[in-house]
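What the coordinates show
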Amino acid sequence: MDARLKLIQQGPKEPLKGYISRFNKEGRVADNLQPWVMLLLAKDSVREGSSFFISISKKPPNTLEEFLKKVEKHINYGNVLEAVKIKMEENHNTQKGVP
């Protein structure tokens, strides 16, 4: 197993997208690492208490492919929430007469 991959952890304020990007970058250079090993390492490195951690704790993915699909859905959901939040702030500011 590539020791560098085992050392990668999601930082306290690091977005899931950044963590997965770093993990995948190291995973590509790991020598013939089995997908189930990558899955275990990836799940163990997610920040404890994060909404994604809670999600995969409730319904753990069984394959690396399932894990990555959950990551993609979680990131997309976060992007939608952020867009809605921005739109709501814009509407609020417009109602107050703030340009």
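Quantities reported herein were computed from a predicted structural model and do not represent experimental measurements.

1. Some words on a nonpolar patch on the surface
A cluster of nonpolar side chains, namely Val 80, Val 84 and Met 88, defines an oily patch on the protein surface of about 290 Å² accessible area. Looking at where Val 80 falls in the secondary structure, it is placed in helix H5 (residues 64–95).

2. Comments concerning the packing of helix H2 (residues 16–29) against H5
Any two packed helices are characterised by how steeply their axes cross, that is the angle between the axes, and by the distance between the axes. Look at H2 against H5: their axes get within 10 Å of each other, and the N-to-C directions meet at 150 degrees. Considering how the two elements wind past one another, H2 and H5 form a crossing that is left-handed. Along its contact with H2, which presents Leu 16, Lys 17, Ile 20 and Asn 24, the element H5 presents Phe 67, Leu 68, Val 71, His 74 and Ile 75. Grouping the constituent residues of the contact of H2 with H5 by class yields six nonpolar, two polar and one charged.

3. Digging into helix H3 (residues 35–45)
Residues Val 37, Met 38, Leu 39, Leu 41, Ala 42 and Ser 45 constitute the buried set of H3. In this structure, the buried side of H3 is in contact with helix H1 (3–7), H2 and H5.

4. Side note on the layout of surface pockets
Computed from the structure, the largest pocket encloses a volume of approximately 210 Å³. Within the residue set of the lining of the largest pocket, elements represented by two or more residues are H2, helix H4 (51–58) and H5. By residue number, the principal contributor to the lining of the largest pocket is H5, which donates three residues. The class makeup of the residues in the lining of the largest pocket is four nonpolar, five polar and four charged.

The rules behind the values
- Residues numbered from 1 in each chain as written.
- Predicted model: local features only at pLDDT ≥ 70, side-chain atom pairs only at ≥ 80, totals over all residues.
- Heavy atoms only, no water.
- Patch = residues over 30% accessible without salt bridge, like charges linked within 9 Å, V, L, I, M, F, W, Y side chains within 5 Å.
- Areas by Shrake-Rupley, 256 points an atom, 1.4 Å probe, with all protein chains shown as cover.
- Salt bridge = Lys/Arg side-chain N within 4 Å of Asp/Glu carboxyl O.
- Helix = DSSP H or I, 4+ residues; strand = E, 2+ residues; numbered from the N terminus.
- Axes fitted to C-alpha atoms, helices over the stretch in contact; angles between N-to-C directions.
- Left-handed = near helix turned anticlockwise from the far one by under 90°.
- Contact = heavy atoms within 4.5 Å.
- Nonpolar A, V, L, I, M, F, W, Y, C, P; charged D, E, K, R; others polar.
- Buried < 20%, exposed > 50% of the residue type's maximum accessible area, 1.4 Å probe, protein only.
- 1 Å grid on protein atoms, 1.4 Å probe; cavity = no way out; pocket = protein on both sides within 12 Å on 5 of 7 lines; lining within 4 Å.
- Points joined across faces, edges and corners; volume = space filled by probe spheres on them.

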